[in-house]
Amino acid sequence: MHLSGKFLCLLMLLPATVCANAQSLGGTVTDCEGRQPLAGVSVRIAGTSGGTATDANGQYHIGNIGAGLHTLEFSFVGMASVRKEVKAERGRQSVLNVCMDEGALGLGEIVVAAKSPVQHVRETSFNVIALDAKVLHNTSLDLSHALDRISGVKLRETGGMGSNAQISLNGFSGRHVKVFMDGLPMEGFGSSFRLNNIPVQLADRIEVYKGVIPVELGADALGGAINIVTSHRRRTYVDASYSYGSFNTHKSNLSVGLAAKNGFFVRFNAYQNYSDNSYRVKTRLLNLETNSYSAEEYWFRRFHDNYHNEAVVVKAGVAEKPWADRLQFEFTVSREKQDIQNANLMKIVYGGRERSGRSLIPGITYEKRNLLVENLNLRLAANAGLARNNNTDTLARQYNWRGEYRAKGFKGEGQYAMGEYDNRNATLAANLHYRPAEKHHFALNNLLGGFSRKATDAAANSETSTAATFMRRTNLKNVSGLSYRFEPSGYWNAAAFCKRYDVMVRGPINVSATSTASYEEQERTFGTNGYGLAATYRPTASLQLKASYEKAYRLPSENELFGDESLETGDAALRPENSHNLNLNVSYDRSFGKVHSVYLDAGLIYRDTRDYIRRQIEQRYGGAYYTNHGRVRNYGIDLEARYFYGRRFSVGGNFTYQDIRNMERYGIGGRELIYYKDRMPNVPYLFGNVDANYNLHDCFGKGNALSFGYNMRYVHSFFRDWESEGGDIIIPRQLSHDLDVLYSLRDGRYNIGLEVRNVADEMLYDNYSLQKPGRSFLIKARCFLYKQ
Amino acid sequence: MINKTDRKTLSRTIALGCCVCMSLAFAACDKDNNQPEPEKPGAFFLSVTGESAEYILRVDNPESGTASIAGNSKTLELSGYTWIFNEDPSVAVGLIYRQGDPGIGLGYTVAADGALQESGQFQISSRFTSYGFFDRYALTSVGGQTPVDAQGNALLDAGGNARTDAVTFNFIDLRSGFALQEKTITTLNITGNGEQATFSGIVDMGNGEFLTGLVVSQPRDPNATGGASSGTITYPDSVWVAAFDGKLGLKRIYRDNRISYSSGRFRSQYYSQIGKADNGDVYVFSGSYETTSSRPCGALRISKGATAFDPAYYFNIEEKTGGFRFRKVWHISAACFLLELYNDLAVSATGAATQYGVADMSAKTFKWVTGIPAKDKITATGLPAAYGGKMYFPITAQAADPAIYIIDPAAATAVKGLSVTGATGINAIGRLTQ
């Protein structure tokens, strides 16, 4: 087997006569391995400001070009850039078809390759950031920590590996930000397969759509969407890595791909994470004799925080058949187990509570280009998520931070539970893309998702559970979108889209008017429409302007429509939460001479969010109810700047400031609110990252490279509660530094890396009282072999 | 404005105009007829709810004016405390239990300079559905618990299901830095009918014993519900009250069948419906929560030191309220109690209760409280404080700042006192002395 490094290949150079008058250039860009067309490839005319990008079919067209020889530069996320000369013949359309190869190990124009994710971003009119995950494949990061390096995105963790991780996007989080994997929502994947336990190696690219979401991602998300794009290239390779670090942390990942000439392919990915999370925390000590807390804080090592998860992802299928450009079956199986060390106040400690989860996710994808008619492309994708979660709290003990315990007279450290919950999800996504003529693009997308949930244990949640807890409830949601994009030239394009959201829920509802609850199954439906616009203009090759807007919605959840089946009442008259989301972006990307290049990007965001659905308790009504109330406005700025000195050195950073304030002046009862115009509490509003890389190429041998990396994370302190209420609890400023060294042998086939996180051993908190790990070390070895 | 003396005179004038028994009733509610207590230096402790947290506020005079939470309050780490106040020693005890997690209890006192100070933090590992003071302790209890053997294994019933008849008490020692001790007892067959009990209310008898109301039921259905710690009520027309000593030894059970069980139910809570009058008599109320009960809501009496219900005393309160039943009961002064009544004649688990009345238990009279917001305007109320013969009652009305209403029990009239701006509600008010 002959294994080789990077490859570039030029396919064809065919001049052709298409039309008269002015001369033009055009062609198709594909990937060399799979021969799949590549959309969004940047095509630039060297030495000029002219350029364009390939469309969904990988085709590009540059009109009105001067006759004679031109050099075209093709660049794309994760692909080695291609530079090729072509002759524009007078009065004709000349064709230049190009194929591109994976560029992670590329030796070519590295300056361009390093910037490729940025360039991909530039070609769409959305406020989207694409992170090239492949450049992080030698790190031990998971997807959530990779996301944390993106401007406007903040990861908030409650502890070490496996702890609760919340992604906040321009101040939105939770159900306001939807996460997708390859265009399908990850909601149903279960906690054992989610952003904070999937290694970054599983992703090719991470796309973050801020506020305005293309119709291809069907979701009712107010704040934006994150799409994890896994590798679709068909090739034969082996990628194996293992890392070991502080707190007895082990991570390993094995990825194998096989691609046959007849179009058959298999990708197999297995990974595991394991950690004792035995880092030290400073907190108060409980005296087990008196059940009183010490006035002083002391340092303790975490003793019951083991976490591990394991997953296998298999994808297999065929490509380039007359009946399918791609037909893929996939199957993901994952599980996790977590000891629970503390409550959401650090001083409340556990010694026996645990939680576990597992999930099975079968899926299928079908793609066909030129379906029935030319330029009509179909993509169908479906999956199911079968997830089971267990909560266990059975010890009749009470622990303290020394790991000592006393026996208690009843079971459960917190609340006796052996809860088991089953979630079943299914999603079907259909996407049609049609280009009836040059310059006109239509896309129609429909996403149908449903889930059912069932609790199977009585002891769980005994505080709130009722007979209805154990009744099944289902939720069916459909989001369809239609978009039209007008792309008259490579200099500007504009798109308009509209979306339709529908939800149907079915579940138990309390219909009793007496002290004894009585449940019956009911059904409720809800629907609304949304729309948006996006446009981009490139006055010069270096400068791009973008504007996008969406009227975004979040539909009420089943709890909000139904109540909690005991003492809450749902309300079918609720309005969806809605938001005016506006983005303006300016970016500048330019090279100076052979080695210097800069990239600058500024994004202004405006969000005006209304009709928050809130749970309200009023004594005059007895139980709780849901109502629309609240208006929040956000003016924000995301800045990013980056400088490259050839392949040798780069430094960059991003900075986010968001002025997120409550604009609701009156309370639900009509009283003026003391926190009118207050900054939203418990939301980071000023944060940033700085990173730098220094590479020594051909170090101790040709094809070997030594690189040094630095990453800094800063989060300004913020109030936990409304400032005007006199809140005196703050989440302190965070400043942490990470360092890494990587030595790559033989063009990246063999890698060994050392990482130091939180070098200064700072006490870090994303959430009040919940301390994150101190300094940690990690060593990683990776071997990446592939067939040419 | 009428001052205190005027109000007294007014009430006496009205009283004189009425029949003899009515004037006795007013006399019984009028603190001024008793020996006036010398006022100790101290301050009012208010727990107020904001939009995002719970705050502690110190107030000198709740009779009038406004206070703002901004800049004057202390934010608590957790919110949703249940506050209870003890006279001697003078402490505020904050109890909290959060679904699935133990809570951090708080003890507050007034320092020599008059400031409120946190004087203890303790962990509450068990739930609590009832609470009060006994001897030197703040006491909480929760029923429906699964008892365990020495190895921590659940005790099983004949059918192999985990038993749920354990009641767990927390003894929080007010004289020893709020040290908390947990004690669990089992209640199976406590009344001799084979059933188990959940406890409701704690009344210190002053002789080393406390009383608690029993909600006697079948075991909680292990496969269905959990919100309540009691199961199906087999005997809704009976009332039981247990007397325990400080070691949780059962001293005796008071039993009767003129009223239903003595407990106000809401979600998982069992609100106290027993209270002690100033003369030491204990009144046992029943809001007749069970729809299966044939007994109207009313009250019985355990005379001071008696070992059985007073057979001669029965007060049919429902008759006096026009059919409205009550959920909560607080002692004001003498033999007068403030009752919180359901807004509708039909009692349901989710029923709203924002009507208030004063019952004079010795005269067997009932009066609706006037001068407070209408029942359909009250969005929240808090724990009231009896002080100087009056009731200081936190009420939040729609579109208004939460305020303290001062209820004069003799006339059952209220005047609006202090308002707290910026707060969404006042959870509790209590007076602490140095």
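All chains use their own residue numbering, which begins from 1 and follows the written sequence. Whichever chain is written first is A, and whichever ligand is written first is 1; the rest continue in order. The predicted nature of this model means local features are confined to residues of pLDDT at least 70 and side-chain atom pairs, given and counted, to a pLDDT of 80 or more, with totals for whole chains, interfaces and linings taken over all residues.

1. Considering the overall build of chain B
The cut-off we apply is this: Think of it this way: any DSSP run of H or I at least four residues long counts as a helix, any run of E at least two long counts as a strand, and we number them from the N terminus. Three exposure classes are used. Buried residues have 20 or more other C-beta atoms within 10 Å of their own C-beta, exposed residues have 12 or fewer, and partly exposed residues fall in between, all C-beta atoms being placed from the backbone. We call two residues in contact if the C-beta atoms placed from their backbones are at most 7 Å apart.
Helix and strand counts for chain B come out as 3 helices and 32 strands. The buried share of chain B, reckoned over its 434 residues, is 56%. Taking contacts inside chain B between residues at least 6 apart in sequence as the whole, the part at least 24 apart equals 53%.

2. Structural notes on the overall build of chain A
Each helix and strand counted, chain A has 4 helices and 49 strands in total. Counting every position in chain A, which comprises 788 residues, the buried fraction comes to 48%. Long-range pairs, those at least 24 residues apart, make up 65% of the contacts in chain A between residues at least 6 apart in sequence.

3. Quick word on the sheet that holds strand β15 (residues 239–245) of chain B
All names here are of chain B. As a reminder of what qualifies: Here, a strand pair is defined by DSSP locating no fewer than two bridges between the strands. Interaxial angles span 0 to 180 degrees and are taken between N-to-C directions of axes, which are lines fitted to C-alpha atoms, for helices over the stretch in contact.
Judged by pairing direction, the sheet is antiparallel, and its 4 strands sit side by side in the order β13-β14-β15-β16 without closing on themselves. Edge positions in the open sheet fall to β13 (196–204) and β16 (250–256), since each of these has one partner strand only. Taking each pair of neighbouring strands and ignoring which way they run, the sheet shows an average axis angle of 25°. Relative to strand β14 (residues 209–217), β13 is paired through 7 bridges, and the arrangement is antiparallel. Bridge pairing links valine 203 to leucine 211 in β14.

4. Concerning the environment of Thr290(A)
Within the element layout of this structure, Thr290(A) appears in the loop between β20 (280–287) and β21 (292–301). Separated by 106 residues in the primary sequence, Thr290(A) and Leu184(A) place their C-alpha atoms 53 Å from one another. Apart from residues lying up to four places away in sequence, Thr290(A) is in contact with Gly177(B), Ala179(B) and Leu180(B).

5. Points about the confidence of the model for chain A
Residues and elements named next belong to chain A. Rule in force here: For every residue, the pLDDT score states the predictor's confidence, bounded by 0 at the bottom and 100 at the top.
Of all residues in chain A, 87% have pLDDT values of 70 or greater, and the mean over the chain is 85. In this model, residues 104–118 is a region of pLDDT below 50 whose contacts with residues beyond four sequence positions or in other chains number 45 contacts. Low pLDDT (under 50) marks residues 458–465, which in the prediction has 30 contacts with non-local residues, meaning those over four places away or in another chain.

6. Here we look at the sheet that holds strand β19 (residues 274–276) of chain B
Residues and elements named next belong to chain B. The antiparallel open sheet is built from 4 strands, whose spatial order is β19-β20-β21-β22. In this open sheet, the two strands that pair with only one neighbour each are β19 and β22 (315–316). Across 3 bridges, β19 lies against strand β20 (residues 282–286) in antiparallel orientation. Looking at β20, one finds that glycine 275 is bridged to tyrosine 283.

7. Observations concerning the domain arrangement of chain A
Residues and elements named next belong to chain A. For the record, the criterion: All the domain ranges listed were derived from an automatic or database domain assignment. By the convention adopted, Pro, Cys, Tyr, Trp, Phe, Met, Ile, Leu, Val and Ala count as nonpolar, Lys, Arg, Asp and Glu as charged, and the other residues, Gly among them, as polar.
Along its sequence, chain A is organised into domain 1 (9–104) and domain 2 (128–786). Put simply, the middle of domain 1 and the middle of domain 2, counted by C-alpha atoms, are 37 Å apart. Across the boundary between the two partners, domain 1 contributes 21 residues, which contact 22 residues of domain 2. Elements represented by at least two residues in the side of domain 1 that touches domain 2 include exactly β4 (51–53) and β5 (59–62). By residue number, the principal contributor to the side of domain 1 that touches domain 2 is β4, which donates 3 residues. Considering only residue class, the side of domain 1 that touches domain 2 consists of 5 nonpolar, 10 polar and 6 charged.

8. Quick look at the confidence of the model for chain B
All names here are of chain B. Of the residues in chain B, 89% have a pLDDT of 70 or more, and the chain-wide mean is 88. Looking across chain B, the model is least confident in helix α1 (residues 4–17), with a mean pLDDT of 44, and most confident in β20, with 98. pLDDT under 50 marks residues 1–27. Its contacts with residues more than four places away, or in other chains, come to 20 contacts. Here the predicted complex carries an ipTM of 0.84, next to a pTM of 0.83.

9. Considering the pairing of strand β9 (residues 128–132) of chain A
Residues and elements named next belong to chain A. The element β9 is largely enclosed, with a buried count of 5 among its 5 residues. Residues Val128, Ala130 and Asp132 of β9 are buried on one face, and the alternating residues Ile129 and Leu131, pointing to the opposite face, are buried as well. Where β9 and strand β15 (residues 203–210) come together, 5 bridges link them in antiparallel fashion. Across the sheet, aspartate 132 pairs through a bridge with arginine 205, a residue of β15.

10. Here we look at the environment of Asn196(A)
Residues and elements named next belong to chain A. Note on placement: asparagine 196 falls in the loop between β14 (184–185) and β15. With 49 residues separating them in the primary sequence, asparagine 196 and leucine 147 have C-alpha atoms 10.0 Å apart. Not counting chain neighbours up to four residues away, the residues in contact with asparagine 196 comprise Asp142, Ser144 and Ala165.

11. Points about unusual backbone geometry
Residue and element names in this part refer to chain B. Between aspartate 88 and proline 89 the backbone carries a cis peptide bond, its omega angle lying at 0°. Within the secondary structure, proline 89 is located in the loop between β5 (82–86) and β6 (91–95). Phi angles above zero are rare outside glycine, and asparagine 189 is one such case at about 65°. Residue asparagine 189 is classed as exposed on the basis of its C-beta count, with 12 C-beta atoms lying within 10 Å.

12. A look at the environment of Ala221(A)
Structurally, Ala221(A) is set in the loop between β15 and β16 (224–230). Ignoring any residue separated from it by four or fewer positions in sequence, one finds Ala221(A) in contact with His176(A), Val177(A), Lys178(A), Ile213(A), Ala552(A) and Arg554(A).

13. Re the pairing of β20(B)
All names here are of chain B. By the criterion of burial, β20 is predominantly enclosed, with 5 of the 5 residues buried. Residues Val282, Val284 and Ser286 line one face of β20 and the alternating positions Tyr283 and Phe285 line the opposite face, and both faces are buried. As consecutive antiparallel partners, β19 and β20 are separated by 5 residues, and within that stretch glycine 280 has a phi angle of approximately 95°, a positive value.

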